[in-house]
Structures are given as C-alpha cells and as structure tokens.
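Structural features, examined
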Amino acid sequence: MTFHGKSALITGSTSGIGLAIARALAHEGADVMINGLGESNEIEEVRRSIERDYCVKALYSPANMANPHEVVAMVRQAEQAFESVDVLVNNAGVQYVAAVEELPPEKWDTIIAINLSAAFHTTRAAVPGMTARGWGRIINTASAHSLVASPFKSAYVAAKHGIAGLTKTVALEVATSGITVNCISPGYVWTPLVERQIPGTMKARGLSREQVINDVLLEAQPTKQFVTVDQVAALAVFLCSDAASQITGANLSMDGGWTSQ
Ligand code: NAD
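Described below are features of the structure shown in this document. (Residues numbered from 1 in each chain as written. Predicted model: local features only at pLDDT ≥ 70, side-chain atom pairs only at ≥ 80, totals over all residues. Heavy atoms only, no water.)

So, about the site of the ligand. In the vicinity of the ligand lie 31 residues, with Ser-15, Asn-91, Tyr-156, Val-189 and Thr-191 positioned nearest. A distance of 2.9 Å separates an oxygen atom of the ligand from a polar side-chain atom of Lys-160. In the complex, the protein chains occlude 95% of the 820 Å² of accessible area that the ligand would expose alone. For the shell around the ligand, the element with the most residues is helix α6 (residues 192–205), which contributes four residues. For the shell around the ligand, the per-class residue count stands at 15 nonpolar, 14 polar and two charged. (Near = heavy atom within 4 Å. Polar contact = N/O pair within 3.5 Å; in protein donor to acceptor, adjacent residues only side chain to side chain. Areas by Shrake-Rupley, 256 points an atom, 1.4 Å probe, with all protein chains shown as cover. Helix = DSSP H or I, 4+ residues; strand = E, 2+ residues; numbered from the N terminus. Nonpolar A, V, L, I, M, F, W, Y, C, P; charged D, E, K, R; others polar.)

Reported here for the largest pocket is a volume of approximately 730 Å³. Of all the secondary structure elements, the ones that give two or more residues to the lining of the largest pocket are α1 (16–27), α5 (154–173) and α6. No other element matches the five residues that α6 contributes to the lining of the largest pocket. By residue class, the composition of the lining of the largest pocket is 16 nonpolar, 18 polar and three charged. The calculated volume of the second largest pocket comes to roughly 420 Å³. Together, 18 residues line the second largest pocket, and Gln-95, Tyr-96, Val-97, Ala-98 and Gly-200 are the ones closest to its centre. Residue assignment for the lining of the second largest pocket shows that the elements contributing at least two residues are α4 (105–133) and α6. Here the lining of the second largest pocket gets six residues from one element, more than from any other, and that element is α6. Taken together, the residues of the lining of the second largest pocket break down into 10 nonpolar, four polar and four charged. (1 Å grid on protein atoms, 1.4 Å probe; cavity = no way out; pocket = protein on both sides within 12 Å on 5 of 7 lines; lining within 4 Å. Points joined across faces, edges and corners; volume = space filled by probe spheres on them.)

This brings us to the environment of Gly-5. Within the secondary structure, Gly-5 is located in the segment before β1 (7–10). Gly-5 gets classed as exposed once you look at its relative accessible area, which sits at 76%. Each C-alpha atom of the pair Gly-5 and Ser-84 lies 9.7 Å from the other, and the pair is 79 residues apart in sequence. With residues near it in sequence (within four places) discarded, Gly-5 still touches Gly-29 and Asp-86. (Buried < 20%, exposed > 50% of the residue type's maximum accessible area, 1.4 Å probe, protein only. Contact = heavy atoms within 4.5 Å.)

Take it as geometry only, folks, not as evidence of what the structure does.
Pasting the structure below:
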C-alpha cells in the first residue's frame, strides 16, 4: 500500500490516536499536516521525526478546533501547501466527566465544538477539493460512545452520537464522487485522554484509581484489554486503501466486544 503523492490532514494529532494515525499514513508515503495542542518544542520534534522517519513532508497547524475560522483556515493552508487534502481525519477530542447537573455549560459547548462541530467545518471545507479530484477519504474518530452511553459523559456521548450521524449523512452525499466517509469507534485506548479522566471518574463514582481502571474502564471491554493506538491507525490506513473503496457510511467498532453486549 502506498500513498505517495497523497496528503492527509489529521486533527488532534500531537498525541495519542491522532499521532499514531499520522505516523501510519506517513509510513505509507503520505505527506501529513498534524494539528493539536502542546509544548511547541515537543510538537516540532514530533513533526521533524515524521519527516525524518518516513521521508515525507510534515507540517503543523496550531489551529484551535473550537474556533471555526481557524479550522477552515487550517484546511486551506493544507490545500495550498500540498495542493490537495486527500485524506481528512477528524480526530481531535476532549472529555469531561461529571453528572449532567454538574456539567458546566461552557464544558458542554467546548466538547460539542471540538468533538463534533470541528468535523463539520473541516468536512465542509475539504469536500469540494476532494470532489473536484474525484477521490477522498474522510475518517472520523468516533467512539464506542457513538453507539452506547455511559453515565457522567453526556456532552461526549452526545457529540460522538452526532459524529456518527454526520458520517452517514456525508457518506450518502458524496457516494458517487469517489469519496468515502467512515467512522472508527474504539473502546478504551490507553492514551492521555483516558488517563486524564481517571481522577474525575474516581470523584464521580467514589472509587480508587485501580477500581476505575479495572471495574469501570476494562469492565466495559469483554477482552479485558485496552485497544492500542497502532491498531486504530492500521484500520485508518486500510480505510484509505483501494480495497476499502466500497466501505462508506460505516461505523467500525474496535472495542474488544464492548458494544456487542
Ligand atoms: P489525546 O488526548 O491523546 O489526543 C487528543 C488530541 O486532540 C491531542 O493532540 C490534543 O492536543 C488535541 N486537541 C484537544 N483539544 C484541541 C483543540 N481545541 N484544538 C486542536 N486540537 C485539540 O486523546 P486520544 O485518546 O488520542 O483521543 C483522540 C480521539 O479518539 C478523540 O476524538 C477521542 O474522543 C477518541 N477516542 C478515544 C478513546 C480512548 O479510549 N482514548 C476511545 C474512543 C475514542
């Protein structure tokens, strides 16, 4: 599989799943634009390491996915730099764990903006170019929470159910344009996002750290194992391949059996 001559924009790719997807696409030869928050020296080192390890062009956009103007400007910057955005991965996401009556309204707005609305703005900006070239891949990182709920995650679950709906709708709209639109729905993947929600879950449920890991997180996953970022990235690479050209509008679970229950 080679993506030489193709370019990919991956939101939220300075860490975790997004970074693994960016590296995996670069490994296959795609030029990549990474995006996300973090320490600028560390991000620059990540960007350089992608160029060095895979001999591709790697750019970084600091666009804040909560700001629609910055989101659209990032897509335009990638289109100008690479002459196209062939692969769009909407991956940036944040979490906040609290009972609905204690969820600050500004947290709701931020989660909906980053986890859902940003994907609308990138998709809206990138689809015309993909349509003109007759080829494109849009991959949304959804979640098992796009299919089922857990308590204390109302904004996140609402956003993830929303992105599953956005995926299906856009897939139908672009079905004859050579563009596929899918979402990947991982169960628990060991990343900073999961680590950061442990204290909130300890507080919300009155549990210890070990109890949260074993009795809340892995409790949901029949395999009792975390999904790895590389497994998610491998599925994203497959979705970009010609073999996956008839997979569109799908919500692909990778959750150790969680949502089969
Ligand atoms: P992570 O915290 O490691 O990565 C999140 C990325 O999003 C980072 O690069 C961060 O800088 C970026 N980001 C956050 N806010 C941003 C903003 N305002 N603007 C731009 N970038 C921003 O988390 P992760 O676990 O790799 O999560 C990636 C995606 O996978 C998210 O959409 C998440 O909901 C989803 N997901 C994660 C899991 C899991 O168990 N880790 C499970 C299912 C789905």
